[in-house]
Each structure stands twice: as structure tokens, then as C-alpha cells.
Amino acid sequence: MTINIDEKQCVVDVLLNKVQSHPCKDCGKCVFGYEGITQLEMILKDITEKKAHSDDKALLMDLCSVMKNQSMCDDGKEIASLVLEGLNTYADIFDEHISKKQCRAGVCKKFMTVHILAGKCIGCGECLDACEDDAILGKNKFVHVIDQDECTLCGKCFEVCDEGAIVWAGVEKPKCPKKPIPCKKR
Ligand code: SF4
Ligand code: SF4
């Protein structure tokens, strides 16, 4: 197994998916394979969910080295090698998730934010009514604005905006007004 990702994929997400569907999870014949895969899943999941600790990369390295040497069969050794390869080849992407809290591919949802584009919003108020977290500010014919501190990333506002004015953003954020302003588009 080797790992190759393109710019639309996130290596942490790809590895997490491989770990979650790996046979070691249901085997249990050896401690290093079973406990190892459980720990790998927990740490990788935390990294994709913005809950990483600063030493998670070192922890993963140690865990994979032990799994690689001590697992009873090739399954455990192979998944450990794959995660190690991912950590070494894409160290910068792991660092971005852990330290900068960024997912450059825009795959890990917890690193994303939701925005309303001023040039597209017609101030209809549909999104304001749909948001159960009171994260949207606005009034009739005013460009609506999302309060990032209140937004839980539920995605409900997307379902009601017929103008396509609501967008996800990763590292690059669109320029949006801080407060509702009169709409240019009516
Ligand atoms: S973002 Fe969409 S749903 Fe919300 S007020 Fe603007 S046009 Fe209406
Ligand atoms: S994603 Fe959910 S919480 Fe955030 S503004 Fe839209 S409806 Fe509100």
C-alpha cells in the first residue's frame, strides 16, 4: 500500500477512512494490531475534527513504529507503514491541521466556515428563518451576515437559499460585510 493524494483530497481524512475500514478493527488476535488501530483512529479523528494536541504527530509516529514491529500479521504492519508514509510525505499538511487549524483541501468540515456573498444575497430572509442557532443577522432587502461565533456548521441555510449566496470557505475566506448592509441585488 502507498499513499498518493491530489489537491482535492486531505491526507488525514484519507488515512482515517483507511483505518476505519481496516480488518484489524474486527480481528483482535494481537494487542498491538487491535489497540494500535483503535488509537490510530482516535488520534486521526481528533486531527480532522480540530481537536488535535501538539504532540499528536509524534504520538502517531511512535504508535506506528510499535505496530509495524509488533503486530502479529501483515495487516497490522501494512496499515502502520501506510500511516507512517503519510506522516512523512505530507508532514506539512499534518502540521497545518494541528498547529494552524487549517485543512488546505477544504475536506475536514470543522476547519471550514460558512459565508454569505454580498453580491448574490437578495435579503429574502429565508436563511435567517432556517438557522436554528440564531447565527444569521439581517433584515428585509439587507445582505445577511453570519456570526461565525454562533454558526455550528449545520448546513441548513444552504438548503433554503435559492440565490446560491451561501458558500463554504476553507483557508481562503470571501470578503463579506461585518454587519447587514442594503442589498445591491434585488
Ligand atoms: S443568503 Fe440567500 S436565503 Fe439568505 S437572505 Fe440572502 S438570498 Fe436570502
Ligand atoms: S450553517 Fe447552520 S448554524 Fe451556520 S449559519 Fe447556516 S443554518 Fe446557521
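In case you missed it, the structure is sitting above this.
Below, the structure is looked at part by part. (Residues numbered from 1 in each chain as written. Chains lettered and ligands numbered in written order. Predicted model: local features only at pLDDT ≥ 70, side-chain atom pairs only at ≥ 80, totals over all residues. Heavy atoms only, no water.)

**Side note on the site of ligand 1**
Taken together, 13 residues surround ligand 1, and among them C121, C124, G125, C127 and C161 come closest. Of the residues contributing to the shell around ligand 1, the split by class is eight nonpolar, three polar and two charged. (Near = heavy atom within 4 Å. Nonpolar A, V, L, I, M, F, W, Y, C, P; charged D, E, K, R; others polar.)

**As for the packing of aromatic side chains**
Inspection of every chain in the model, using the stated rule, returns one aromatic pair. Geometry around F142 places K139 over its ring, the cationic atom sitting 4.6 Å from the centre. (Phe/Tyr/Trp six-rings, centres within 6.5 Å; stacked < 30°, edge-to-face > 60°. Lys NZ or Arg CZ within 6 Å of the ring centre and 35° of its normal.)

**Topic: the site of ligand 2**
The immediate surroundings of ligand 2 are formed by C131, D133, I136, I146, C151, T152, L153, C154, G155 and C157. Its residues placed into classes, the shell around ligand 2 shows seven nonpolar, two polar and one charged.

**Notes on helix α3 (residues 56-70)**
For α3, which comprises 15 residues, the first-to-last C-alpha distance of 21 Å matches the rise-based estimate of 21 Å (1.5 Å per residue) to within 8%. Every buried residue belonging to α3 is among D56, K57, L60, L63, C64 and M67, and all of these are buried. Projected down its long axis, α3 shows its buried positions confined to an angular sector of 125°, all on one face. Opposite the buried face of α3, at more than 90 degrees from it, the exposed residues are D62 and N69. In this fold, the buried residues of α3 make contact with α2 (31-48), α4 (74-89) and α5 (91-100). (Helix = DSSP H or I, 4+ residues; strand = E, 2+ residues; numbered from the N terminus. Expected span 1.5 Å × (residues − 1). Buried < 20%, exposed > 50% of the residue type's maximum accessible area, 1.4 Å probe, protein only. Arc of directions from axis to C-beta. Contact = heavy atoms within 4.5 Å.)

**Focus on unusual backbone geometry**
In the Ramachandran plot, K50 falls in the positive-phi region, its phi being about 65° despite a non-glycine side chain. Locating K50 in the fold gives a position in the loop between α2 and α3. Backbone geometry at K141 places phi at a positive 65°, although glycine is not the residue there. Mapping K141 onto the fold places it in the loop between β2 (136-137) and β3 (142-143). What makes K141 partly exposed here is its relative accessible area of 41%.

**A closer look at the environment of V143**
Turning to its location among the elements, V143 is positioned in strand β3. Its relative accessible area of 1% is what places V143 among the buried residues. Note: C-alpha distance between V143 and T2 (141 residues apart in sequence) is 48 Å. Setting aside residues up to four positions removed in sequence, V143 forms contacts with A118, C121, P177, P180, I181, P182 and C183.

So yeah, pure geometry; function would need other evidence.
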